[in-house]
Amino acid sequence: MTQSFETFKGEIERALSACGVDPHEWCDVNAAASFMAEDQHTNAPDEFWTVVRRHRRTPEREAAIDRAMFLDDLELELTGGCGLCGLEADWMCIACGRCNCDRHDECTRPTTE
């Protein structure tokens, strides 16, 4: 029997709450639950805690994530895309050239010939 992402997420939240910590402040609950849902063999108690500890929030981990997101946004901006909405340059609006951050009420889609 396989468990769903939501089931694993609930187990992690309950286990960390029982330890007296805020689950979402202490651990990247979604990442840990995704890992467990993909690899259904990690459901033994010792492996469960190994996975939870691996996804623990630390200043170094958070800094690395922030740095990676910054570099991704910077690359989008430098190539003509938008770092705010994550749209690449070749996905901008055909009519006006703007991204998803703007409204496109007056834009009309060109007809294909």
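This text goes with the structure placed above it.
In this report, we go over the structure that sits alongside the text.

Reading the values: the criteria
Residues numbered from 1 in each chain as written. Predicted model: local features only at pLDDT ≥ 70, side-chain atom pairs only at ≥ 80, totals over all residues. Heavy atoms only, no water. Helix = DSSP H or I, 4+ residues; strand = E, 2+ residues; numbered from the N terminus. Buried < 20%, exposed > 50% of the residue type's maximum accessible area, 1.4 Å probe, protein only. Lys, Arg positive; Asp, Glu negative; His and termini not counted. Salt bridge = Lys/Arg side-chain N within 4 Å of Asp/Glu carboxyl O. Contact = heavy atoms within 4.5 Å. Patch = residues over 30% accessible without salt bridge, like charges linked within 9 Å, V, L, I, M, F, W, Y side chains within 5 Å. Areas by Shrake-Rupley, 256 points an atom, 1.4 Å probe, with all protein chains shown as cover. Charge placed at Lys NZ, Arg CZ, Asp CG, Glu CD.

1. Notes on the side chain of Q3
Here's step 1: Inspection of the secondary structure puts Q3 in the segment before α1 (5-18).
Here's step 2: For Q3, a relative accessible area of 19% puts it in the buried group.

2. Regarding the side chain of D28
Here's step 1: In this structure, D28 sits in the loop between α2 (23-26) and α3 (29-38).
Here's step 2: This buried residue, D28, is left without a salt bridge; R57 holds the nearest opposite charge, at 4.0 Å.
Here's step 3: Residue contacts for D28: discarding those within four places in its chain leaves H55, R57 and R61.

3. Overview of the pattern of salt bridges
Here's step 1: Per the stated rule, a full pass over the model turns up two salt bridges.
Here's step 2: In this structure, E106 and R98 form a salt bridge, with 2.9 Å as the shortest nitrogen-oxygen distance.
Here's step 3: Of the residues examined, E106 reaches a relative accessible area of 58% and is grouped as exposed.

4. Remarks on a negative patch on the surface
Here's step 1: Negative charge collects at one region of the surface, where D72, D73, E75, E77, E88 and D90 lie side by side.
Here's step 2: By the secondary structure assignment, E88 is in the segment after α5 (59-78).
Here's step 3: For E88, a relative accessible area of 45% corresponds to the partly exposed category.

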